Amino acid sequence: MVGTVRKIAVLGATGSIGGSTLDVIARHPERFRASALSANADVDGLVALCRKFSPEVAIIAREDLYPALRDGLAEAAPATRAMAGADALVEVAASGLCDTVVAAIVGSAGLGSTLAAAHAGKRILLANKESIVVGGALLMQAVRASGAQLLPVDSEHNAIYQCLPAPAIGAVRHPTVRRLLLTASGGPFRGWSRERLAQVTPEQACAHPNWRMGRKISVDSATLMNKGLEVIEAHWLFDAPPERIGVVVHPQSIVHSMVQYCDGSTLAQLGNPDMRTALSYGLAWPERIEAGVADLDLAAIARLDFQPPDEVAFPCLRLAREALCEGPAATTVLNAANEVAVSAFLQGRLRFLGIAAVLETTLARLHERAADDLPALLETDAHARRIAQSLIESEDC
Ligand code: NAD
Ligand code: MG
């Protein structure tokens, strides 16, 4: 796109992925312009970003905060228009205000705007894995129908995208590709027994050894649910049957993931654990640009270790695989129950081992298994949240 400036909507701009995206955008003003920024409730954080990037619009998801955003922008960024609500996210994602959408909202709250961007044929940098876990079939259909460019920026999927033959989306059916191999850091509790895990606190769970991330994905990394969600994500992105998606624990987070071919070759993408690599790849694709990431120094790292995941101490990975084999309604239930359980854990209302217990019981109790359109998925999501919430309140888990 030499000579054309990409107009980027960063949805979830105040988060960890949002911040890394804006860092890359700021390094390349001749290529990129942040034209729309959004946040859930952090008005001050959003206004500060608007002061710096002067986007055309800023959206606060919580509608009651619209007056605060409007007044903050009037003083800090008068050229930026205030908008509010989930509908505004959908409207902006589909509009001419942007040609690229960075889907960096956390949770299935990002589904509507991601789908809107897909229907509108945008380039989508997908970080928001929950949206593809819930709406994978719908999202991939919309991408195919509109010709949208879907570029995974979850580091594992970005690595696989780089290692697959082009076009990578849907490529696992390619006759030479045998298997995708996702790496997992193992999180802060790698090697811990269930007895030790019974005592862990939110602060310990959020202290990831290699990555600085939002609190929800940090807890998901600690339970291994993050890897479970990523197996489901890989299934949809690359059209990969579950049995051809492997997981290996790699504590250093240097090998971001791998693709195995029929001739015995395994291709890997390596790098420092810094999301700006994947984000710059998605922003500039098919070119590569400077991302502010330090060169990899393998002699200093000295060793790369690999081991199988412990699915006894960390049952969430197994639960995710089972839900994937069952179908989209089950993965929607899994994701919704997980969002509720993680939130309760972070608020001190559920113990760490209770997260997997809530998922297992919610999956067992919710038997409606046909959810192939958006209203049905949203209904299943809401129903699963109610069940998970009541399990937590009754202290059944
Ligand atoms: P975060 O908590 O740091 O940021 C989340 C962003 O979403 C914030 O801007 C927040 O205001 C917004 N948001 C939260 N709830 C919302 C709602 N209901 N409606 C609208 N906006 C809402 O999270 P993060 O770590 O940046 O992760 C964002 C997404 O990217 C997640 O899906 C995560 O799994 C994925 N991801 C993150 C990383 C990482 O390194 N942080 C890596 C891979 C994938
Ligand atoms: Mg990841």
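Computed from a prediction, not measured in an experiment: that's the story for all the values here.

Cut-offs and rules
Counting from 1, residues in each chain are numbered in the order their sequence is written. Chain A is the first chain written and ligand 1 is the first ligand written, with later ones labelled in order. Note on the predicted model: pLDDT of at least 70 is required for a residue's local features to be given, and 80 or more for side-chain atom pairs to be given and counted; whole-chain, interface and lining totals, by contrast, use all residues. Note: side-chain values were computed over all heavy atoms of the structure, leaving out hydrogens and water. Note on definitions. A residue lies near a molecule or strand when any single heavy atom of the residue is within 4 Å of it. Polar contact is the term for a pair of N or O atoms within 3.5 Å; when the atoms are in protein, one must be able to donate a hydrogen and the other to accept it, and sequence-neighboring residues count only if both atoms are side-chain atoms. Here, Shrake-Rupley sampling with a 1.4 Å probe gives the accessible areas, and only protein chains in the shown set may cover a residue. For each residue, the accessible area found with a 1.4 Å probe, counting protein chains only, is set against the maximum for its type, and the residue is called buried under 20%, exposed over 50%, and partly exposed in between. What counts as a helix is a DSSP run of H or I of at least four residues, what counts as a strand is a run of E of at least two, and both are numbered from the N terminus. Note that the arc is computed from the directions linking the helix axis to the C-beta atoms. Contacts are assigned to residue pairs with any non-hydrogen atoms lying within 4.5 Å of each other. Between 30 and 60 degrees the pair is tilted, below 30 it is stacked and above 60 it is edge-to-face, where a pair is any two Phe, Tyr or Trp rings, Trp via its six-membered ring, whose centres lie within 6.5 Å. Criterion for a charge above a ring: Lys NZ or Arg CZ within 6 Å of the ring centre, and within 35 degrees of the ring normal. Metal donors were taken as nitrogen, oxygen and sulfur atoms no farther than 2.8 Å from the ion, or 3.2 Å where the ion is Na, K or Ca. Water is excluded, so coordination may look unfinished.

Some remarks on the site of ligand 1
Around ligand 1 sit 22 residues, and of these Thr14, Ile17, Asn40, Glu130 and Gly214 come closest. Within the side chain of Thr14, an N or O atom sits 2.7 Å from an oxygen atom of ligand 1. Gly15 is positioned with one of its backbone polar atoms (N or O) 3.2 Å from an oxygen atom of ligand 1. When ligand 1 sits alone it has 830 Å² of accessible area, and the protein chains cover 86% of it.

Some thoughts on helix 4 (residues 86-94)
Within helix 4, burial applies to Ala88, Leu89, Val92 and Ala93. One side of helix 4 holds all its buried residues, which, seen down the axis, span an arc of 130°. Projecting away from the buried face of helix 4 at angles above 90 degrees are the exposed residues Asp87 and Glu91. Buried residues along helix 4 sit in contact with strand 1 (6-11), strand 2 (32-39), strand 3 (57-60), strand 4 (81-84), strand 5 (100-103) and helix 5 (111-119).

Section: the packing of aromatic side chains
As enumerated under the stated definition, the model contains four aromatic pairs in all. Ring centres 4.8 Å apart and planes at 50° place the aromatic pair Phe189 and Trp192 in the tilted group. Pair check on accessibility: Phe189 and Trp192 agree, each one buried. Taken together, the ring pairs connect Phe189, Trp192, Phe345 and Phe352 into an aromatic cluster. Across from the ring centre of Trp192, 3.7 Å away, lies the NZ or CZ of Arg196, which sits over that ring.

Focus: the coordination of the magnesium ion (ligand 2)
The coordination sphere of the magnesium ion (ligand 2) contains the protein donors Asp154 (OD), Glu156 (OE) and Glu230 (OE), at a distance range of 2.1 to 2.2 Å. In primary sequence terms, the donor set of the magnesium ion (ligand 2) follows D-x1-E-x73-E. Residues Asp154 and Glu156 agree in their burial class; the two are buried.

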